[in-house]
Amino acid sequence: MNNPEYLEKDFYAVLGVSKDASAADIKKAYRKLAQKHHPDANPGDTSAEERFKEVGRAYAVLSDPKKRAEYDEARRLLASGAFGGGFGGFPSGGGFGGGNRVRVEDLGGLGDLFGNLFGGGRQSQTAARRGRDVESEVTLGFEEAVHGATIPLQLRGPAPCHTCHGSGAKPGTLPRPCPTCNGRGTVTRDQGLFGLSSPCPTCQGRGSVIEDPCPTCNGRGSEIRMRELRVRIPSGVSDGATVRLKGQGEPGQAGAPAGDLIVKVRVTPHALFGRSGQDLTITVPVTFAEAALGTELKVPTLEGPVTLKVPAGTQNGRTFRVRGRGVHGTGRRGTGDLLVSLQVAVPEKLSRKERDLLREFASLSDSTPRNHLGIE
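Cut-off values and rules
Residues numbered from 1 in each chain as written. Predicted model: local features only at pLDDT ≥ 70, side-chain atom pairs only at ≥ 80, totals over all residues. Heavy atoms only, no water. Phe/Tyr/Trp six-rings, centres within 6.5 Å; stacked < 30°, edge-to-face > 60°. Helix = DSSP H or I, 4+ residues; strand = E, 2+ residues; numbered from the N terminus. Buried < 20%, exposed > 50% of the residue type's maximum accessible area, 1.4 Å probe, protein only. Salt bridge = Lys/Arg side-chain N within 4 Å of Asp/Glu carboxyl O. Pairing = 2+ DSSP bridges. Axes fitted to C-alpha atoms, helices over the stretch in contact; angles between N-to-C directions. Parallel < 35°, antiparallel > 145°, perpendicular 65-115°, else oblique. Left-handed = near helix turned anticlockwise from the far one by under 90°. Contact = heavy atoms within 4.5 Å. Nonpolar A, V, L, I, M, F, W, Y, C, P; charged D, E, K, R; others polar. 1 Å grid on protein atoms, 1.4 Å probe; cavity = no way out; pocket = protein on both sides within 12 Å on 5 of 7 lines; lining within 4 Å. Points joined across faces, edges and corners; volume = space filled by probe spheres on them.

Explanation requested: the packing of aromatic side chains in the structure shown.
Ring pairs (aromatic) are described by centroid distance and by the angle formed between their planes. According to the stated counting rule, one finds four aromatic pairs in the structure shown. Both rings, one in Phe11 and one in Tyr71, keep their centres 4.7 Å apart while their planes meet at 20°; by these two values the pair is stacked. Here Phe11, found in helix α1 (residues 11–15), pairs with Tyr71, found in helix α4 (residues 65–80); they are 60 residues apart in sequence, far enough to count as distant. This pair shows no difference in class: Phe11 is buried, exactly as Tyr71 is. With centroids separated by 5.9 Å and ring planes inclined at 70°, the aromatic side chains of Phe288 and Phe361 adopt a geometry described as edge-to-face.

What follows is the structure in structure tokens.
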């Protein structure tokens, strides 16, 4: 995209809408095209991938009222020849009707739009890169995951240098302004009509050079060392979830912010309870007599036992809901329930008296639970 011809791209045509299309129409068109050309729907199709990116770039401008207005004005000016030739004639040294090259950063908000379209702009003028994210993994017990926990975590990797505290300079000295860019961190290159800024090749965008580097990190500002963090895992976290800690990843370059620490959570199974979203699940065995006659059943929860009333004639596998005894949610997620499934336990061995009583019970009943099968 590093050429002014990119501004010739008609974003309205890309989305298939008119110039006076409403925000709702633009959004609707974008969603339809993004779904059609999404890489997941077109595996291995590079043309679809490029089309997907093109649609995204068009929507990024047209969905923002301010950017859309700036884009419309820029195309109007270019079409009128205000930039020295309109869409078809970008002279190598042209300007606003006078042959002077224009720097993108001098165009204000319109320059930001041009810079983004042409791969420049004030947001990309520095080589100061945010630190990389760091991934780690922790294992929690089932109840720790339900209630939340604070755990220690040891990490070995890049961290701010303990000697220079990230400056890269030897203690007692300071970096000096870069002589190439005069401390700006960027240099301007000719891009035809526009002068686009790029990171200074001497200082790599820092705006300063280190004459006396730190002996510990050799001027890098970071070192490989072991560090220990205490990570707060919120209540209700599920197996496979991730917790992001801002600024706890690798340090950034040239004063840029550090990356994040992304902690993946593994949860060990519980001996009694399962989990379905915010609900806890448990299977409780009952005798045939308890299911047939009804009973009051003590059921365990993570906060202590509760009494469950089982009505007479309860069938095997029936599930009862105990309100508010599940996982405590955070934010909009409320507290879940405890789902109790009853399982009628069939004794493997019977005494002679038990067998006789069961035979007597069976002889008293003329019905069979298999009547609906139509088999005599």
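On we go.
Honestly, the pattern of salt bridges in this entry has me stumped. Any pointers?
Pairing between side chains becomes possible if they bear opposite charge and their charged atoms approach one another. On inspection of all chains with the given rule, the structure shows 16 salt bridges. Between Lys53 and Glu50 there is a salt bridge; the shortest N-O distance is 3.9 Å. With Lys53 and Glu50 both in helix α3 (residues 46–62) and three residues apart, the pair spans about one turn of that helix. Its salt-bridge partner being Arg176, residue Glu211 comes within 2.3 Å of it at the nearest N-O pair. One end of the pair, Glu211, is in the loop between β7 (208–209) and β8 (222–233); the other, Arg176, is in strand β4 (residues 176–177), with 35 residues separating them in the sequence. With a relative accessible area of 34%, Arg176 lands in the partly exposed category. Overlapping salt bridges, with partners in common, bring together Arg130, Asp133, Arg244, Lys246 and Asp260 in one network.

Before we go on, may I ask you to explain the pairing of strand β10 (residues 261–267) in this structure?
Residues in a regular strand project their side chains so that they alternate between the two faces of the sheet. Burial analysis of β10 places five of its seven residues in the buried class, which makes it a mostly covered element. Pairing analysis gives seven bridges linking strand β2 (residues 134–140) to β10, with the strands arranged parallel. Note that in β10 the partner of Leu140 across the bridge is Val267. As paired strands, strand β9 (residues 242–245) and β10 are joined by four bridges and run antiparallel to one another.

What is the right way to look at the packing of helix α2 (residues 23–37) against α3 in this model?
For any two helices packed against each other, the geometry is given by the interaxial angle and the distance between the axes. The contact between α2 and α3 brings their axes to 9 Å, and the two run at 165°. Taken together, α2 and α3 sit at an angle that is classed as roughly antiparallel. In this structure, α2 crosses over α3, and the sense of that crossing is left-handed. Contacts from Ile26, Lys27, Tyr30, Leu33, Ala34 and His37 of α2 reach α3 at Ala48, Glu49, Arg51, Phe52, Val55, Gly56, Tyr59 and Leu62. Among the residues making up the contact of α2 with α3, the classes are represented as nine nonpolar, two polar and three charged.

Sorry if this is basic, but what is going on with the sheet that holds β10 here?
Backbone hydrogen bonds hold the strands of a sheet together, and the pairing may be parallel or antiparallel. Taking strand neighbours across the sheet as the criterion, the three strands line up as β2-β10-β9 in an open arrangement whose pairing is mixed. Pairing within the sheet leaves two strands with one partner each, and these edge strands are β2 and β9. Averaged over all adjacent pairs, the angle separating strand axes in this sheet is 25°, with direction ignored.

Got a minute to help me understand the pairing of strand β12 (residues 279–286) in this structure?
Where strand β11 (residues 274–276) and β12 come together, three bridges link them in antiparallel fashion. The residue of β12 that forms the bridge with Gly274 is Thr281. Connecting β11 to the antiparallel partner β12 that follows it, the hairpin turn spans two residues, and Gly277 within it adopts a positive phi of roughly 65°. Two elements, β12 and strand β16 (residues 338–344), share seven bridges in a ladder whose sense is parallel. Each residue of the ladder has a partner; that of Val286, found in β16, is Val344.

What is the right way to read the layout of surface pockets from this model?
Its volume calculated, the second largest pocket comes out at about 340 Å³. Around the second largest pocket sit Thr287, Phe288, Ala289, Val344, Ala345, Val346, Pro347, Leu350, Glu354, Leu357, Leu358 and Phe361, which together line it. Looking at the lining of the second largest pocket, the elements with two or more residues in it are α7 (288–293) and α8 (352–363). No other element matches α8, which puts four residues into the lining of the second largest pocket. Classifying every residue of the lining of the second largest pocket by side-chain character gives 10 nonpolar, one polar and one charged.

In this structure, what is going on with the environment of Val284? I would like to understand it.
Mapping Val284 onto the fold places it in strand β12. For the pair Val284 and Val340, spaced 56 residues apart in sequence, the C-alpha separation works out to 6.8 Å. Ignoring sequence-local partners within four residues, the contact set of Val284 consists of Leu297, Val299, Val340, Ser341, Leu342 and Gln343.

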